[in-house]
Amino acid sequence: LIGVQIINSLRGSFQTSPKAITFHRIIKAFPEGRDSKFVLNLQEEDKHCQDFDEFGVNNCHFSWSDHAVGDYWVELPQVLDESASIQANLLLEGHIPYTINCALCGQPCEVGLKLIDFQYSFHMPPCPVDLSNRTQDFHYALWSHSPTEGLITIPIEGTVIVFSSPNEKLAEFDVFGTIR
């Protein structure tokens, strides 16, 4: 129910550009303690995002052909190796399951969705990854046009889990968004 409320809110928040990607996240689990921090920053964050909390930007909107440029900073007393991974268990349109599984380091992450002819690959950092005080810059160029041509809005919601090893959960967050 909260997912439906957030998606409806996202749909209404960004009426200026109907063809866009929007997202919202809720951190459910992250290691506690003074040595544990995560912050996501974006350039022009006031242009793209409506909120900022202890984990960085939130409630963000990108029009097609925008560039997502920024960095994230993480501080955890941990080193990740090739067994670390990220898993996204998503629902499209509230009932179409979609899962993404990627290594957190050492190999590219491949994301694809045949439903809207979407394919994307991005490089992950080399292994091992020392998280004791890591800043990582990023620059992603969005496609010049919507894969749905703006004809339909696809709501997306789900849970993303970061594993430090196959059965050891490092962090978990819920994501909500739309593609149009």
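A brief look at the structure comes next.

## So, the overall build of the chain
Alright, step 1. Scanning the chain from terminus to terminus reveals two helices and 14 strands.
Alright, step 2. Classification of the 180 residues of the chain by burial places 43% in the buried group.
Alright, step 3. The long-range fraction of contacts in the chain, counting pairs at least 24 apart against all pairs at least 6 apart in sequence, stands at 63%.
Alright, step 4. Total accessible area computed for the chain in this model is approximately 10200 Å², and 54% of it derives from carbon and sulfur atoms.

## Notes on the packing of aromatic side chains
Alright, step 1. Counted according to the given criterion, the structure contains six aromatic pairs.
Alright, step 2. The structure contains a cluster of three or more aromatic residues connected by ring pairs, namely Phe-30, Phe-38, Phe-55 and Tyr-72.

## Points about the environment of Thr-148
Alright, step 1. For Thr-148, the position within the fold is in the loop between strand E12 (134–141) and strand E13 (154–165).
Alright, step 2. Sequence spacing of Thr-148 and Lys-19 is 129 residues, and the spatial spacing of their C-alpha atoms is 8.9 Å.
Alright, step 3. One polar contact links the side chain of Thr-148 to the main-chain carbonyl oxygen of Ile-152, over a distance of 3.2 Å.

## Things to note about the pattern of salt bridges
Alright, step 1. Taken as a whole, this structure holds five salt bridges when the rule is applied.
Alright, step 2. Its salt-bridge partner being Lys-28, residue Glu-172 comes within 3.3 Å of it at the nearest N-O pair. Here the residue Glu-172 occupies a position in strand E14 (residues 168–179), and Lys-28 occupies one in strand E1 (residues 20–29), the gap between them amounting to 144 residues.
Alright, step 3. Lys-28 sits in the partly exposed class, given a relative accessible area of 47%.

## A closer look at the state of the cysteines
One way to say it: the disulfide is the covalent bond shared by the sulfur atoms of two cysteines.
Alright, step 1. The tally for this structure, following the rule as stated, stands at three disulfides.
Alright, step 2. The disulfide that involves Cys-49 links it to Cys-60, with 2.0 Å between the sulfurs. One quick way to see it: the torsion about the S-S bond of Cys-49 and Cys-60 is about 105 degrees, and its sign makes the bridge right-handed. Here Cys-49, found in strand E3 (residues 49–53), pairs with Cys-60, found in strand E4 (residues 56–63); they are 11 residues apart in sequence, far enough to count as distant.
Alright, step 3. With relative accessibility at 0%, the residue Cys-60 sits in the buried group.
Alright, step 4. Paired by a disulfide, Cys-102 and Cys-109 hold their sulfur atoms 1.9 Å apart.

Rules used in this analysis
- Residues numbered from 1 in each chain as written.
- Predicted model: local features only at pLDDT ≥ 70, side-chain atom pairs only at ≥ 80, totals over all residues.
- Heavy atoms only, no water.
- Helix = DSSP H or I, 4+ residues; strand = E, 2+ residues; numbered from the N terminus.
- Buried < 20%, exposed > 50% of the residue type's maximum accessible area, 1.4 Å probe, protein only.
- Contact = heavy atoms within 4.5 Å.
- Areas by Shrake-Rupley, 256 points an atom, 1.4 Å probe, with all protein chains shown as cover.
- Phe/Tyr/Trp six-rings, centres within 6.5 Å; stacked < 30°, edge-to-face > 60°.
- Polar contact = N/O pair within 3.5 Å; in protein donor to acceptor, adjacent residues only side chain to side chain.
- Salt bridge = Lys/Arg side-chain N within 4 Å of Asp/Glu carboxyl O.
- Disulfide = S-S within 2.5 Å.

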